[in-house]
Structure formats: C-alpha cells, structure tokens
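# Notes for the structure review
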Amino acid sequence: MSSKLGISCPHCDTWATVRTSEAVSATMRIAYFQCKNIACGHTWKAHIEVVATISPSAIPRPGINLPLSPLSETLRIAVAAISDPRQASLL
Ligand SMILES: [Zn+2]
C-alpha cells in the first residue's frame, strides 16, 4: 500500500500516514497510521474497507459483489438520458 495515504491524527489534527498495512480480505485492509507531529507521537490502526462501486470493473472477480454507489446510479441515469434518442434536447 502506498505510504501517501493519510488522514488527520484524531488527537492533534496533524497529517498522519500509513506505515504498513495487512490484508484482511479482498475488500478489507488494516492500516497502521503514524502521526507526523513528533510532539504527539500517536500511532493507531484503522480499517480500510471497499464499500461500493462507482465504476464497475472490466474484469470482475467472482465472489466480489459490491453495491453500486448512489452517485454511480445518478450518473448512469444522467448518461442514459443524454444518449437516449427519445429524450428531447433542452439545449
Ligand atoms: Zn497527533
């Protein structure tokens, strides 16, 4: 996992990065964070979970069934309306 992934430290709000991580499953990892503020020094672990699909994979893995995100459904409907010749153009 890239060390550029980060979040704010829950104690001091300084940027913290992932030092290492381990796979729990195809959709879950445990990431170990380290606060960059040397006066704080907080380290913690967090779950990173794949929770929804925004754009479907072209090579889906059997057994991975993720819900389509609401944003993705909104975009699909908008694209379908634009490409549907029965829809009148408003432009
Ligand atoms: Zn901190």
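Looking up the protein chain in an unreviewed UniProt entry gives the name Zinc finger Ogr/Delta-type domain-containing protein, with the organism given as Orrella dioscoreae.

## With respect to the environment of Ala 31
Relative to the assigned elements, Ala 31 resides in strand S3 (residues 28-35). Taking relative accessible area as the criterion, Ala 31 reaches 0% and is therefore assigned buried. As a C-alpha pair, Ala 31 and Thr 17 span 14 residues in sequence and 9.3 Å in three-dimensional space. With residues up to four places along the chain from it excluded, the contact list for Ala 31 reads Val 18, Thr 20, Ser 21, Trp 44, Lys 45, Ala 46 and Ile 48.

## A few points about the coordination of the zinc ion
For the zinc ion, the protein coordination sphere consists of Cys 9 (SG), Cys 12 (SG), Cys 35 (SG) and Cys 40 (SG), at 2.3 to 2.4 Å. For the zinc ion, the four donor atoms in the first shell make angles of 96 to 114 degrees at the metal, so the coordination geometry reads as tetrahedral. Positions of the donor residues of the zinc ion along the chain correspond to the pattern C-x2-C-x22-C-x4-C. Placement of Cys 12 in the loop between strand S1 (6-8) and strand S2 (15-25) and of Cys 35 in strand S3 is noted, with a sequence separation of 23 residues between them.

## Re the sheet that holds S1
Overall, antiparallel pairing links the four strands, which are arranged S1-S2-S3-S4 in an open sheet. The open sheet has two edge strands with one neighbour each: S1 and strand S4 (43-49). The mean angle between the axes of side-by-side strands here comes to 35 degrees, regardless of whether they run parallel or antiparallel. Direction of pairing for S1 relative to S2: antiparallel, over a ladder of three bridges. Bridging across to S2, Ile 7 finds its partner in Ala 16.

Cut-offs used in this document
- Residues numbered from 1 in each chain as written.
- Predicted model: local features only at pLDDT ≥ 70, side-chain atom pairs only at ≥ 80, totals over all residues.
- Heavy atoms only, no water.
- Helix = DSSP H or I, 4+ residues; strand = E, 2+ residues; numbered from the N terminus.
- Buried < 20%, exposed > 50% of the residue type's maximum accessible area, 1.4 Å probe, protein only.
- Contact = heavy atoms within 4.5 Å.
- Donors = N, O, S within 2.8 Å, 3.2 Å for Na, K, Ca; no water.
- Tetrahedral: all angles 85-135°; square planar, octahedral: opposite > 155°, others 65-115°.
- Pairing = 2+ DSSP bridges.
- Axes fitted to C-alpha atoms, helices over the stretch in contact; angles between N-to-C directions.

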